[in-house]
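Descriptive structure summary
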Amino acid sequence: QVHLVESGGGLVQAGGSLRLSCAASRITFSTNAMAWFRQAPGKEREFVASISGTTNTYYSDSVKGRFTISRDNAKNTVYLQMSSLKPEDTALYYCAARSGSSSYSMPTMYDYWGQGTQVTVSS
């Protein structure tokens, strides 16, 4: 089975930075698309960023210019560097992977999910 484990969440002040990590196992990491989603209480799961197997990146309009997704294939890890954090960024952040190299913004296109890591941004 594929295992995804997120880490790096926590409490940060508005305007601050945080880096999330997602360690993956039992996937062809170098060629599989990866993504980050987030979900706040009472809201639907929201696309944040994705990176394809060929390292093409995509971002939601709400995080564009503030967040950066990257991958380290040698470590089987995907990262989400978050800067200029806002209180509205507060959510449970999920790492996702799919069995393919193309990335998508729809959560239904992803096959594997981590348990999530909480990010809380205070005013």
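Scope of this entry: the structure provided in the associated data block. Everything numeric in this text was worked out from a predicted model, so none of it was measured.

Time to look at the overall build of the protein chain. Along the protein chain, the regular secondary structure elements total zero helices and 11 strands. The linear arrangement of helices and strands in the protein chain, starting from the amino end, is β-β-β-β-β-β-β-β-β-β-β. Taken against the 2.2 N^0.38 rule, which gives 14 Å for 123 residues, the C-alpha radius of gyration of the protein chain at 13 Å falls within 12% of a compact globule. Its C-alpha atoms give the protein chain principal-axis dimensions of about 40 × 30 × 25 Å.

So, about the packing of aromatic side chains. According to the stated counting rule, one finds five aromatic pairs in the structure shown. Seen in terms of ring centroids, F37 and Y110 are 5.5 Å apart; in terms of plane orientation they differ by 75 degrees. Their pairing is edge-to-face. Linking F37 in strand β4 (residues 34-39) with Y110 in the loop between β9 (91-97) and β10 (112-113), this pair joins segments that are 73 residues apart in sequence. Exposure class is identical for F37 and Y110. Each is buried. Ring geometry for Y94 and W113: centres 6.4 Å apart, planes at 80 degrees, overall edge-to-face. Here Y94, found in strand β9, pairs with W113, found in strand β10; they are 19 residues apart in sequence, far enough to count as distant. For W113, a relative accessible area of 26% puts it in the partly exposed group. Through a chain of ring-to-ring contacts, three or more aromatic side chains come together here, namely F37, F47, Y94, Y110 and W113. Between R45 and the ring centre of W113, over which it is positioned, the NZ or CZ distance is 4.8 Å.

Summed over all chains, the structure comprises four salt bridges. Ionic pairing is found between R38 and E46, a salt bridge with its closest N-O pair at 2.9 Å. Overall, the relative accessible area of 5% leaves R38 in the buried class. In this structure, D89 and R38 form a salt bridge, with 2.9 Å as the shortest nitrogen-oxygen distance. Here D89 is found in the loop between β8 (77-82) and β9, whereas its partner R38 is found in strand β4, with 51 residues between them in sequence. Just as D89 is buried, R38 falls in that class too.

About the cut-offs
- Residues numbered from 1 in each chain as written.
- Predicted model: local features only at pLDDT ≥ 70, side-chain atom pairs only at ≥ 80, totals over all residues.
- Heavy atoms only, no water.
- Helix = DSSP H or I, 4+ residues; strand = E, 2+ residues; numbered from the N terminus.
- Rg over C-alpha atoms; globule rule 2.2 N^0.38 Å.
- Phe/Tyr/Trp six-rings, centres within 6.5 Å; stacked < 30°, edge-to-face > 60°.
- Buried < 20%, exposed > 50% of the residue type's maximum accessible area, 1.4 Å probe, protein only.
- Lys NZ or Arg CZ within 6 Å of the ring centre and 35° of its normal.
- Salt bridge = Lys/Arg side-chain N within 4 Å of Asp/Glu carboxyl O.

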